[in-house]
Amino acid sequence: MIECKKIVKIYKTGSIEAVVLRGVSFSVNDGEFVAIMGPSGSGKSTLMHILGCLDSPTTGMYILDGHDVSTIADDGLADIRRKKIGFVFQSYNLLPRATVIRNVTLPLIYAGVDRLRREEMAKESLRAAGLPEDRWLHHSNQLSGGQMQRVAIARALVNDPAMILADEPTGNLDTKTGEIVLDTFQRLNHEHGRTIVLITHERYVAEHAQRIIHIKDGEIVDDEKNIKQRVTNYTNGTI
Amino acid sequence: MNIFDILEETFSAIMVNKARSGLTILGIVIGIGSVIAMISIGQGAQGSIEASIQSIGSNLVLVRPGFQRGAGPVSAGRGSATTLTQADADAIKKEVTLAKAVAPEISRRYQITAKGKNTNTQVTGTVSVYPEVRNIEIDTGSFITDQNIQSLSKVAVLGPTTRDDLFGEWSAPIGETIRINKVDFKVIGITKAKGGSGFGSQDDVVYVPLSTAQRFLAGDTYVTTISVEAESADSMSAIQQQITDLLLARHNIPDSTLADFQVMNQQDIVQTASSITNTFTVLLASIAGISLIVGGIGIMNMMLTTVTERTREIGLRKAIGAKKMDISLQFLAESVMLTFFGGFLGILLGWFLAYVVTVFASIPTSVSLNSILLAFGVSAAIGIVFGYYPARRAAGLNPIDALRYE
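Residues numbered from 1 in each chain as written. Chains lettered and ligands numbered in written order. Predicted model: local features only at pLDDT ≥ 70, side-chain atom pairs only at ≥ 80, totals over all residues. Heavy atoms only, no water.

**Focus on the overall build of chain A**
Part 1 of the argument: Along chain A, the regular secondary structure elements total seven helices and ten strands.
Part 2 of the argument: The C-alpha radius of gyration computed for chain A amounts to 18 Å, which stays within 12% of the reference 18 Å derived for 239 residues, consistent with globular compactness.
Part 3 of the argument: When burial is assessed residue by residue, chain A has 56% of its 239 residues classed as buried.
Part 4 of the argument: When contacts within chain A are restricted to residue pairs at least 6 apart in sequence, long-range pairs at least 24 apart make up 69% of them.
Part 5 of the argument: About 10,400 Å² of surface is accessible on chain A, with carbon and sulfur atoms providing 48% of the total. (Helix = DSSP H or I, 4+ residues; strand = E, 2+ residues; numbered from the N terminus. Rg over C-alpha atoms; globule rule 2.2 N^0.38 Å. Buried < 20%, exposed > 50% of the residue type's maximum accessible area, 1.4 Å probe, protein only. Contact = heavy atoms within 4.5 Å. Areas by Shrake-Rupley, 256 points an atom, 1.4 Å probe, with all protein chains shown as cover.)

Structure (structure tokens):
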């Protein structure tokens with residue numbers, strides 16, 4: 001469970017202060033699929049960085065899985081990211097000349113998991129992310145955009161995180177491939193009970209979630225239950 | 001992250017950019033290679049100089065006349081005085097108990113003729129233990145015996161060069177007659193070639209009995225050098241002291257600074273020569289070391305480029321849980337691996353260069369284990385020193401900025 005209490009983030013450049021988040025409070029339960037939606041400049045990226053423990057709030061409290069992480073410093077945050085959070089980025093961020101398996105095992109290397117176990121876990125999460133087995137030994141730069149994003153999803157899953165944080169995961173993909181990726185998230189949420197926080201500026205993408213938090217000018221303006229959750233046509237996960 | 005994982009990451013990162021890694025390594029290869037080659041040339045030279053000093057005899061103490069001090073301030077030069085006598089040599093033999101053998105000699109240059117050919121060379125009058133003391137071996141015939149000395153025999157032993165000059169190469173003139181200073185000598189032996197040493201060729205020489213030389217050639221009983229062989233290297237300085245004390249007493253000289261003789265220890269000569277060659281080696285190695293520093297800067301340059309190029313990768317690694325230490329170690333390992341590769345290839349190159357120098361320039365070289373260990377140590381140190389700054393820069397990147405980096 002994630003709890004944000006009155007999170008404020010202020011960036012200081014010299015004497016100029018930019019208030020990016022103005023007291024954001026919300027909570028996400030385990031097993032929820034939430035979309036955080038807002039136009040660019042709304043502060044959603046900053047919120048994502050705080051949720052992902054890449055940054056700390058100026059004031060306020062952020063409780064992740066029962067622990068207050070708002071005051072932890074650099075290396076401590078790295079530990080939390082490794083254990084609790086799986087990232088999926090817009091631009092995939094895979095190691096280009098490494099195999100798919102190697103990319104997926106990367107978080108486990110830092111977690112100190114032994115070699116054999118690593119490979120097993122990677123295969124398991126590649127299956128969950130729905131990447132066909134014949135691609136597993138390919139180099140990641142030989143894959144299509146949709147396939148790369150599935151590798152990134154598998155990498156996010158591999159350390160069994162409390163939350164998957166997806167930052168515009170469909171931003172670089174065409175509509176059809178984007179749907180496939182969104183379907184993967186839905187399936188992980190439905191079938192595996194994963195908590196997913198999706199950050200996007202597109203209404204259409206946000207509608208794939210169960211709940212949509214609207215953010216504007218650093219404040220939450222609306223928190224709606226998405227009754228008509230969009231269902232994709234790719235439930236079998238073929239690409 | 002264990003060491004094996006770090007090495008795997010590092011190796012694959014290096015292999016991604018083979019050409020660049022290779023060229024960067026080349027700087028270290030040349031640096032280490034030239035250091036190894038220079039040290040080996042220096043050490044080889046030192047070895048050959050020491051061997052050549054040792055070849056004049058082992059554990060040798062030489063006693064030679066000192067300055068000729070007249071009434072005025074003019075010194076005729078070291079070695080010019082006729083102050084050492086046969087009696088001094090006999091006294092050393094009798095009283096310096098640590099001396100294993102004592103060989104006085106009288107050396108002067110004379111014109112020598114034989115069968116119409118002639119040469120001007122050094123004639124050394126000496127005793128039967130001389131070959132033992134001065135490491136001289138007999139090729140054919142025999143050396144001067146005690147019997148020859150007692151009976152003032154007019155016999156001569158030729159060095160191989162003198163033999164070549166007087167009788168032609170590879171001849172065996174045993175029993176032939178040579179004429180030194182209008183006195184006829186019978187040739188009884190030829191010595192083996194020793195090659196040139198640091199103190200003139202010991203092959204261009206004629207040995208005659210000491211007593212014969214004093215009586216028929218010099219006309220007095222002075223000697224020019226007394227060679228004393230010590231039992232071991234340890235007793236050399238004791239012998240040196242004993243001889244000094246003895247001769248000061250015999251010559252009635254109260255102050256050792258006024259001594260009319262000098263006692264030289266072979267060890268001192270070796271040490272002096274070694275210190276010269278050491279300086280020479282250090283000089284060569286430092287010049288080569290400059291190229292090593294340039295190579296190190298090349299490594300740093302490449303690592304900085306790599307860190308910039310892989311900013312997003314660093315951001316990702318941090319996002320998925322790498323700590324500062326993990327990133328830092330990865331990049332440090334990369335530069336150390338590069339310099340280690342370079343060091344290894346450099347040792348092979350240095351070895352090859354040393355070999356080439358030996359074969360084509362006939363300068364003796366020796367690649368020692370020490371210089372190899374030094375090369376490995378230095379290359380690892382260069383990797384750490386020049387990799388530290390780029391690694392710290394990588395580790396210090398903010399993951400948010402790194403992930404956004406274009």
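Structure shown, so let's carry the discussion forward.
**Looking at the pattern of salt bridges**
Part 1 of the argument: For the coordinates displayed, the defined rule picks out 31 salt bridges over all chains.
Part 2 of the argument: For Asp5(B), the salt bridge is made with Arg115(A), and the minimal N-O distance between the two is 3.0 Å. Residue Asp5(B) is found in helix α1 (residues 3-16), and its partner Arg115(A) is found in helix α4 (residues 115-129); the two belong to separate chains.
Part 3 of the argument: Between Glu8(B) and Arg115(A) there is a salt bridge; the shortest N-O distance is 2.8 Å. Taken together, the residues span two chains, with Glu8(B) in helix α1 and Arg115(A) in helix α4.
Part 4 of the argument: Through salt bridges with shared partners, a single ionic network connects Arg102(A), Arg115(A), Arg118(A), Asp5(B), Glu8(B), Glu9(B), Arg310(B), Glu313(B), Arg317(B) and Glu334(B). (Salt bridge = Lys/Arg side-chain N within 4 Å of Asp/Glu carboxyl O.)

**Details of the interface of chain A and chain B**
Part 1 of the argument: Facing the 24 residues of chain A at the interface are 24 residues of chain B.
Part 2 of the argument: Summing the contributions of chain A and of chain B, the shared interface buries around 2,300 Å²; its carbon and sulfur component is 56%.
Part 3 of the argument: Looking only at chain A, the three residues that lose the most surface to chain B are Arg102(A), Tyr110(A) and Arg115(A), adding up to 27% of its buried area.
Part 4 of the argument: At the boundary of chain A with chain B, the tally comes to seven salt bridges.
Part 5 of the argument: For the side of chain A that touches chain B, the secondary structure elements donating two or more residues are α1 (44-51), α2 (74-84), α3 (100-111) and α4 of chain A.
Part 6 of the argument: Per-element accounting of the side of chain A that touches chain B gives the leading share, six residues, to α2(A).
Part 7 of the argument: Partitioning the side of chain A that touches chain B into residue classes produces nine nonpolar, four polar and eleven charged. (Buried area = accessible area lost by both parts, 1.4 Å probe. Nonpolar A, V, L, I, M, F, W, Y, C, P; charged D, E, K, R; others polar.)

**Some remarks on the packing of helix α2 (residues 18-54) of chain B against helix α12 (residues 369-395) of chain B**
Residues and elements named next belong to chain B.
Part 1 of the argument: For the pair α2 and α12, the least separation of the axes is 10 Å and the interaxial angle reads 150°. With respect to α12, the element α2 is oriented roughly antiparallel. The hand of the α2/α12 crossing is right-handed. In this structure, α2 uses Ile28, Ile32, Ile36 and Ile39 to contact α12, whose residues at the interface are Ser371, Ile372, Leu374, Ala375, Ser379 and Ile382.
Part 2 of the argument: Of the residues contributing to the contact of α2 with α12, the split by class is eight nonpolar, two polar and no charged. (Axes fitted to C-alpha atoms, helices over the stretch in contact; angles between N-to-C directions. Parallel < 35°, antiparallel > 145°, perpendicular 65-115°, else oblique. Left-handed = near helix turned anticlockwise from the far one by under 90°.)

**Considerations on the sheet that holds strand β10 (residues 219-225) of chain A**
Backbone-to-backbone hydrogen bonds join strands into a sheet, with any given pair of strands oriented parallel or antiparallel.
Residue and element names in this part refer to chain A.
Part 1 of the argument: Judged by pairing direction, the sheet is mixed, and its six strands sit side by side in the order β6-β7-β8-β3-β9-β10 without closing on themselves. Both outer strands of the open sheet, β6 (85-88) and β10, are each paired with one neighbouring strand and no more. On average, adjacent strands in this sheet sit at an angle of 20° to one another, irrespective of strand direction.
Part 2 of the argument: Running at roughly 80° to β6, α2 makes contact with β6 and β7 (163-167) of the sheet.
Part 3 of the argument: Packed onto the sheet, helix α6 (residues 175-192) meets β3 (33-37), β6, β7 and β8 (196-200) and runs at close to 155° relative to β8. (Pairing = 2+ DSSP bridges.)

**Considering unusual backbone geometry**
Residue and element names in this part refer to chain B.
Part 1 of the argument: Positive phi is not limited to glycine here, since leucine 152 has a value of about 50°.
Part 2 of the argument: A positive phi is found at asparagine 181, a non-glycine position, where the angle reads about 50°.
Part 3 of the argument: With respect to the helices and strands, asparagine 181 occurs in the loop between β6 (177-180) and β7 (183-191).
Part 4 of the argument: According to the relative accessible area criterion, asparagine 181 is partly exposed, its value standing at 36%.

**Looking at the pairing of strand β9 (residues 211-216) of chain A**
Residue and element names in this part refer to chain A.
Part 1 of the argument: The element β9 is largely enclosed, with a buried count of five among its six residues.
Part 2 of the argument: Direction of pairing for β3 relative to β9: parallel, over a ladder of four bridges. For alanine 35, the partnering residue across the bridge sits in β9 and is isoleucine 212.
Part 3 of the argument: Across six bridges, the pairing between β9 and β10 is antiparallel. If you follow histidine 214 over to β10, its bridge partner there is aspartate 222.

**Some points on the nonpolar core**
Part 1 of the argument: The biggest cluster of nonpolar side chains holds 69 residues, and the ones touching the most others in it are Phe26(A), Ile36(A), Leu51(A), Tyr62(A), Leu64(A) and Leu165(A).
Part 2 of the argument: If sequence neighbours within four positions are ignored, Leu165(A) has contacts with Met48(A), Leu51(A), Gly52(A), Ile85(A), Gly86(A), Phe87(A), Val88(A), Val197(A) and Ile199(A).
Part 3 of the argument: Ranked by size, the runner-up nonpolar core spans 60 residues in total, among them Ala89(B), Val187(B), Val223(B) and Val263(B). (Core = buried A, V, L, I, M, F, W, Y, C linked by side-chain atoms within 4.5 Å.)

**Some remarks on the confidence of the model for chain A**
Part 1 of the argument: The predicted model of chain A averages 90 in pLDDT, with 97% of residues at 70 or higher.
Part 2 of the argument: Taking the mean pLDDT of every element in chain A, the minimum, 88, falls on strand β5 (residues 67-68) of chain A and the maximum, 95, on β3(A). (pLDDT = per-residue confidence, 0-100.)

**Brief notes about the UniProt feature "domain: ABC3 transporter permease C-terminal" (unreviewed entry) in chain B**
Part 1 of the argument: UniProt records the feature "domain: ABC3 transporter permease C-terminal" (unreviewed entry) at residues 286-399 of chain B, using the numbering of this structure.
Part 2 of the argument: Across residues 286-399 of chain B, helical content stands at 87% and strand content at 0%; the span's end C-alpha atoms are separated by 43 Å. (UniProt positions renumbered as here; feature names shortened; annotations may be inferred.)

**Structural notes on the environment of Arg310(B)**
Residues and elements named next belong to chain B.
Part 1 of the argument: Residue placement: arginine 310 occurs in the loop between α9 (266-309) and α10 (311-319).
Part 2 of the argument: Given a relative accessible area of 12%, arginine 310 falls into the buried group.
Part 3 of the argument: For the pair formed by arginine 310 and alanine 394, sequence separation is 84 residues and the distance between their alpha carbons is 9.0 Å.

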